[in-house]
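# Summary of structural features
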Amino acid sequence: MRVDTLECALQIHGTYSRSRGIISELPLSVPSATGVILAHGHVADALQTTKPDVYITTDGGYKWRKALDGPHHYHIADSGSLLVAVPADTTQPKLIKFSTDEGRCWHTYDFIDKESNETIMFTGLLTEPGSKALTVSIWGYKPDTRKWTTFIIDFQKIFKKKCDTATDYDTWVPHETSNEKGNIQGCLLGNKETFKKVKKDSWCYNGADHPLEHTGEACTCVRDDYECDYGFYRPDGRDDCVEQPNFNLPKVDVCKQGHEEQVITQGYRKIPNDKCVGGFSPNGKLINLGEQCASKDEGQIAVEEVPQETKKTHNASAIVAVFVIVALIVTIMVGFFVYKYIILRKHNVTYRYSLLNQNDGVSYDDELENALTKAGLYHDSDDEELNSPAVKKQNDTASNGGSRVPKEQRPSRSNQLQSDIQSYHDDSDVDMIQ
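Rules used in this analysis
Residues numbered from 1 in each chain as written. Predicted model: local features only at pLDDT ≥ 70, side-chain atom pairs only at ≥ 80, totals over all residues. Heavy atoms only, no water. UniProt positions renumbered as here; feature names shortened; annotations may be inferred. Helix = DSSP H or I, 4+ residues; strand = E, 2+ residues; numbered from the N terminus. Pairing = 2+ DSSP bridges. Axes fitted to C-alpha atoms, helices over the stretch in contact; angles between N-to-C directions. Polar contact = N/O pair within 3.5 Å; in protein donor to acceptor, adjacent residues only side chain to side chain. Core = buried A, V, L, I, M, F, W, Y, C linked by side-chain atoms within 4.5 Å. Buried < 20%, exposed > 50% of the residue type's maximum accessible area, 1.4 Å probe, protein only. Contact = heavy atoms within 4.5 Å. Phe/Tyr/Trp six-rings, centres within 6.5 Å; stacked < 30°, edge-to-face > 60°. Lys NZ or Arg CZ within 6 Å of the ring centre and 35° of its normal.

As annotated in UniProt, the feature "transmembrane region" (unreviewed entry) corresponds to residues 318-342 in the numbering used here. Here residues 318-342 is 100% helix and 0% strand, with 37 Å between the C-alpha atoms at its ends.

Turning to the sheet that holds strand S5 (residues 72-77), a few remarks are in order. Spatial strand order, S5-S6-S7-S8: four strands in an open sheet with antiparallel pairing. Edge positions in the open sheet fall to S5 and strand S8 (107-110), since each of these has one partner strand only. Strand after strand, the sheet turns through a mean of 25° between neighbouring axes, direction not considered. Both strand S7 (residues 95-99) and S8 contribute to a ladder of four bridges, which runs antiparallel. Looking at the pairing, Leu95 lines up with Asp110 of S8.

Time to look at the environment of Thr57. In this structure, Thr57 sits in strand S3 (residues 53-57). Distance in space between the C-alpha atoms of Thr57 and Ala67 is 9.4 Å, their sequence separation being ten residues. In terms of polar contacts, Thr57 uses its side chain to reach the side chain of Asp59, at 2.8 Å. A polar side-chain atom of Thr57 sits 3.0 Å from the main-chain amide nitrogen of Gly61.

Another aspect to go through is the nonpolar core. Across soluble globular proteins, nonpolar side chains have a tendency to be buried as a group. In this structure, Leu82, Val84, Ile96, Phe111, Leu125, Ile138 and Phe155 are the most contacted members of the largest nonpolar core, which totals 19 residues. Secondary structure elements with two or more residues in this core: strand S6 (82-87), S7, strand S9 (121-127), strand S10 (135-141) and strand S11 (148-154). Per-element tally for this core: the top contributor is S6, with three residues. Aside from chain neighbours lying at most four places away, what touches Phe111 is Pro93, Lys94, Leu95, Ile96, Ile120, Ile138, Phe151 and Ile153.

We now examine the environment of Ala33. Here Ala33 shows up in the loop between helix H1 (15-19) and strand S2 (37-44). Residues Ala33 and Lys132, 99 residues apart in the sequence, show an inter-C-alpha distance of 8.9 Å. With near-sequence residues (within four places) excluded, Ala33 lies in contact with Ile76, Ser79 and Gly80.

Evaluated as defined, the whole model comprises nine aromatic pairs. Measuring from centroid to centroid gives 5.7 Å for Phe159 and Trp203, while their planes differ by 40°, and the two rings are tilted. Placement of the pair is Phe159 in the loop between S11 and strand S12 (161-162) and Trp203 in the loop between strand S14 (191-198) and strand S15 (204-205), with a sequence separation of 44 residues. Exposure remark for Phe159: the relative accessible area of 7% places this residue in the buried category. One aromatic cluster is present, built from ring pairs that chain together Phe159, Trp203 and Tyr205. The ring of Trp172 is capped by Lys197, whose NZ or CZ atom sits 4.6 Å from the centre of that ring.

Structure below.
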């Protein structure tokens, strides 16, 4: 009877686990503590929904070990030589855990007396920006008063001395793993870096002014610094790049600086940004992929060199066309605005005003009469009315004993002027009297 067993591995919790309600922190690393990563996880064949534990790696993720049981809020301080954590399975913690040997041994400190009734609702665990200082802050608020409370812990008081550069540091090389051939490389993209880290048994601190000491050097090129070129691949169990069978693509030429070039390769090319020097170098024969592809299917590839003179002519024509289009657009806009200006000039409105002059010694009736006369209202003079036949006849009647109109009953000039304004006066009335 055969029983299939599932392979177990470290399952790290992240944003998805937190969205599903699992108490966990996101993986944490800082630039000042190279290689140190804290994360929550389970050792299983898949993510679990139970409470996770805290795991730590000090070599950038190649090897992991369990640091704390159960979920914790954690942080990195003093450039990695100090790790702090607060239990996350309670909302009102009273102690903080810390480690000075990269999580191998943990100590506890009660920042709130266990016998005290004082409690806080935990909201956060912080260190100074850059995680280089030894000061750690615990944030929270009191449940009864809702007032914010901060506990600041200075761990420098527990260390005896500052780390000595000559005796308290070890050399650490990232990516230093043994391959099947027994070679210790430590190279990534042809570059090998070396860092200084505090020894695990040194009870000392780095300090906020501690610089990150590291050196780098170029590695010797090996076959892994090269990848298979276009049209080649590595079969299983082999390191050599061989030509792909039935390779017959429609076009393998590339366009470079305006003209096509054929791809000529040895089957290898260096990985981009790889800084290795010397060592392995492809020694295969040069293969013209363009000719090879054309030989399998004639007529697929047509390589044509474009003369430089033709390219310059095309560029000049394109520039002239752009200038012509811009000039045409500017001309149309100028014509449109000129047309609108002419139209507005034709529709200008002219206003004429009549002024009323006020002079001493002139009656208001005369001023009003003069103003209305200037305004275009027609009115006969008084002399013409007195010399008219009707007026003469009226005077003759009065002189012959006829009834004479008293002066008080005669119409005043203002009443007469008002009559003129309200109605049109015509000499035809005189003709009717006669």
